Amino acid sequence: MAKLKASQQGIAKIKQARNEKGWTVDDPRCLVEASKVLEPKKIWQEGGPYADGCSEGNWKRFLYGTATVNTEVFKAFCRVLGVSWEEIVDRTVVAQDFAVEHTPDKWQEVCRRMLQEQKRLSSNKLMPRQMERDLIDENIYVDLTLVQQEQIQKVGGDSSPEQGSLLYESTGYSKSERFEYNQFLTTLLSTKKNDRIAIIGEPGGGKTTLLQKIAFWLLDKTDDLVIWVSLGRLATNAIDYIFNDWLRDAEGTVTENLQAAWKSQLEQRQVWLLLDGLDEMAAEMQETLSARGLLTHVRIVTSCRLNVWQANPRILDGFEFYITQPFTFPQVEQFIEKWFSKDNALGDRLWQAIHQPGKERIKDLARNPLRLTLLCAIWQGRDGDLPDTKAKLYQKFVDKIFEWKAEYFRLDSNNQERLNAKLGELAREAIDKEPTRFRLRHKFVCQLLGKPKDKDSLLQLALDLGWLNQVGMDADEPEEPVYAFWHPTFQEYFAARTIDDWNFFLNHIPDNPKDSQASYRIFERQWKEVILLWLGRENVRTENKEAFIKALVEFQDGCRDCILDHKGFYEYRAYCLAAIGIAEFKECSCADAILSQLIRWGYGYFNLKIQMWVGESCPSSELARAAFQESDRSRTIPALINLMLNSTTDATNGLLANMVESLGKIGTGNQHAIDALLDLIRTTSNIYPDPFIEGKYSISYKGEVQ
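Residues numbered from 1 in each chain as written. Predicted model: local features only at pLDDT ≥ 70, side-chain atom pairs only at ≥ 80, totals over all residues. Heavy atoms only, no water.

Chemist: Looking at this model, I keep getting lost on helix H23 (residues 528-535). Mind explaining?
Modeler: Because an α-helix packs 3.6 residues into every turn, residues spaced three or four apart end up facing the same way. For H23, the buried fraction is high: 7 of the 8 residues fall into the buried class. What H23 keeps buried is the set Glu 529, Val 530, Ile 531, Leu 532, Leu 533, Trp 534 and Leu 535. Its buried side turned inward, H23 meets helix H16 (360-365), helix H18 (390-405), helix H19 (413-433), helix H22 (488-497), helix H24 (542-553) and helix H25 (569-581). (Buried < 20%, exposed > 50% of the residue type's maximum accessible area, 1.4 Å probe, protein only. Helix = DSSP H or I, 4+ residues; strand = E, 2+ residues; numbered from the N terminus. Contact = heavy atoms within 4.5 Å.)

Chemist: Would you explain the nonpolar core in this entry?
Modeler: If you look at soluble globular proteins, the nonpolar side chains tend to sit buried side by side. Membership of the largest hydrophobic core comes to 183 residues, with the highest contact counts inside it found for Trp 262, Trp 467 and Leu 468. Each residue touching Trp 467, except ones within four places of it in the same chain, is listed here: Val 398, Ile 401, Phe 402, Leu 419, Leu 423, Ala 462, Ala 484, Phe 485, Trp 486, Phe 490 and Phe 494. In terms of nonpolar packing, the next biggest core, distinct from the first, is built from 28 residues, Trp 23, Cys 54, Phe 77 and Ile 88 among them. (Core = buried A, V, L, I, M, F, W, Y, C linked by side-chain atoms within 4.5 Å.)

Chemist: Sorry, what's going on with the sheet that holds strand S8 (residues 271-276) here?
Modeler: Two pairing modes exist for strands in a sheet, parallel and antiparallel, and in both the strands are linked by backbone hydrogen bonds. One open sheet accounts for 7 strands, arranged S5-S3-S10-S6-S9-S8-S7; its pairing is mixed. Single-partner strands in this sheet number two, and they are strand S5 (178-180) and strand S7 (225-230). Ignoring strand direction, the axes of neighbouring strands in this sheet form an average angle of 25°. As defined by bridge partners, S8 adjoins strand S9 (residues 299-305) across 4 bridges and the pair is classed as parallel. Paired with Leu 273 across the bridge in S9 is Ile 300. (Pairing = 2+ DSSP bridges. Axes fitted to C-alpha atoms, helices over the stretch in contact; angles between N-to-C directions.)

Chemist: I would appreciate a short explanation of the packing of aromatic side chains in the present structure.
Modeler: Both the distance between ring centres and the angle between the ring planes are used here to describe each pair of aromatic rings. In this structure the tally under the stated criterion is 35 aromatic pairs. Seen in terms of ring centroids, Trp 486 and Phe 490 are 5.5 Å apart; in terms of plane orientation they differ by 15°. Their pairing is stacked. For Phe 490, a relative accessible area of 0% puts it in the buried group. Both rings, one in Trp 502 and one in Phe 548, keep their centres 5.7 Å apart while their planes meet at 35°; by these two values the pair is tilted. With a gap of 46 residues between them, Trp 502 in the loop between H22 and strand S14 (506-507) and Phe 548 in helix H24 connect regions that are remote in the sequence. Residue classification places Trp 502 among the buried positions, given a relative accessible area of 17%. (Phe/Tyr/Trp six-rings, centres within 6.5 Å; stacked < 30°, edge-to-face > 60°.)

Chemist: Help me understand the packing of helix H15 (residues 344-353) against helix H17 (residues 369-381) in this model?
Modeler: Here H15 crosses H17 at 120°, and the two axes come no closer than 11 Å. One way to sum up the angle between H15 and H17 is to call them oblique. Two packed elements cross with a definite hand, and for H15 against H17 that hand is right-handed. Touching Leu 346, Arg 349, Leu 350 and Ala 353 of H15 are Leu 375, Cys 376, Trp 379 and Gln 380, all from H17. Along the lines of polarity and charge, the residues of the contact of H15 with H17 split into 6 nonpolar, 1 polar and 1 charged. (Parallel < 35°, antiparallel > 145°, perpendicular 65-115°, else oblique. Left-handed = near helix turned anticlockwise from the far one by under 90°. Nonpolar A, V, L, I, M, F, W, Y, C, P; charged D, E, K, R; others polar.)

Chemist: How do you make sense of the confidence of the model for the protein chain when you look at a structure like this?
Modeler: Caution applies to low-pLDDT regions: their predicted coordinates should not be interpreted in detail. The share of residues in the protein chain with pLDDT of 70 or more is 83%, and the mean pLDDT across the chain is 81. Every residue in residues 687-706 scores below 50 in pLDDT, and together they form 43 contacts with partners more than four places removed in sequence or on other chains. (pLDDT = per-residue confidence, 0-100.)

This is the structure in structure tokens:
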């Protein structure tokens, strides 16, 4: 390990800084503060013990320049004094120390030391300090799948929001072009099959994390050396960085002898250059990565956003392309288990929560590693709960993504507000008018956001931030790109933010429903989620939400044919939508009355005159039960338990099976629901045949109703 020593000028600056702090030579505060710099996660107190190397002897050697001090400790002492170590260090001594201490077999140790920062998850910057995770030491990584792709794929058709991750899955590849993580390492890296590899994927798709794992795998499994470069912070070309900035950060100095030794390692083709974030690199510097000069001897693995590669494939000429694939659901479960390894029950409850009816979009959204990480952090921070509306949950995602990207791209509050408004308009118009609502044509997008090369282009900003991504080329117009939101759920969320008046969803003109001013989007499937997100918005007045629910409940379609309780077909559908909306608008004043009516339609009621449980068995009653299962579970679970307890013990009551089935779906992980089902099994064993409940449902070790 290289060591540093203060120069005579440096000693004078150290003394001045110490006097300004008011610290005496023997003041223990310097050792406490330096220990915090070296190991920030530990608690340090005066009197010791202190971090490794933070001793009174080393402090005095540092102050008086009597001997060399470990590099990291030297830098920590400088930091707590508020001085630059580069202005303090005696560079002559450092160069001599390096020449004596370093031999070729020590280069790996240097690389490993420089990679310590890459042990941390890149998403830690979005987390509270207590939730930061260590990628390597905690073994939190879940293997990614990659698909080799030689050209940009052509896309057509659309995708449903419940399966929105399909927008980012590769299609039309052969089995030989699909690589699981370990196969990727052994086939491509250890055999050194290719010197230029590009890992390409959607924002948050795990590119940086995969690159981090590759770095430590190379150091552990080979004799090769690894240099990590965060391209978004690269202020010079790659060669200058490798021979100057990187060496200076690693060893505290740059000398001709040191550069010559380092050059010899590169020329022996023993060095891997891991370049993270080609999309974050200044465009004028991307050409410096071309294989010229010393870079011809270096093996390169770079990560790049889908957008950048698809917009300009030539920036990666000579590279093999591997596209990251969204997590499968078993991988999602594995990630949750690893994240909550110290509290398995909390993780189990999250896995159950995203499988509840109405949570299909959240479940699919979790197939992206970054979104899944944020979901786990939100769940952990709220002690096993999600925000009470989906709109609040998605707003947390939006805030975190803007926070994540603000340091790399031009983004102030005005730009953010303008972009949000235009993204909302784009989302709304696409859902309303485009033939493919979630795969967006280039011309359509440019009409609203401008062209990517326009000055202050909102489209380019949306692409930079990852809210929009190029997902391929138009199958009908092969030269035209096709875009998609990061996930269809965010498109629906941005659309909901632009709608001020609920009349956008329903403007009933009974005498002339075909009037151009009439609106019946409440009956169009693509608007259902947008309506629910609108009801969950905090900035929509309660009285407006109440008026909308009232309009749904009292809607009259004028149809002569009634299906239940004198309700017409469209009246019935509007009523069920109101019931589902209660899940997002829990303060609704008529929520209990609406759910009571749904119970009557879906599960029947006890007729006092004939002393029997009566009900309907038809598609309409099935629709009522489906709506009931998507409504507010804080109301529906107790209501269904109460209904079961008060239902008849008459063995002819076939509707009890519907109650049990619904409670099994919405009561997963709910102890009250589990207790009610167990009690029902015990109390009805002499009335109903065993297979009726006991054979159909069981309680798993996780408390799931199966």
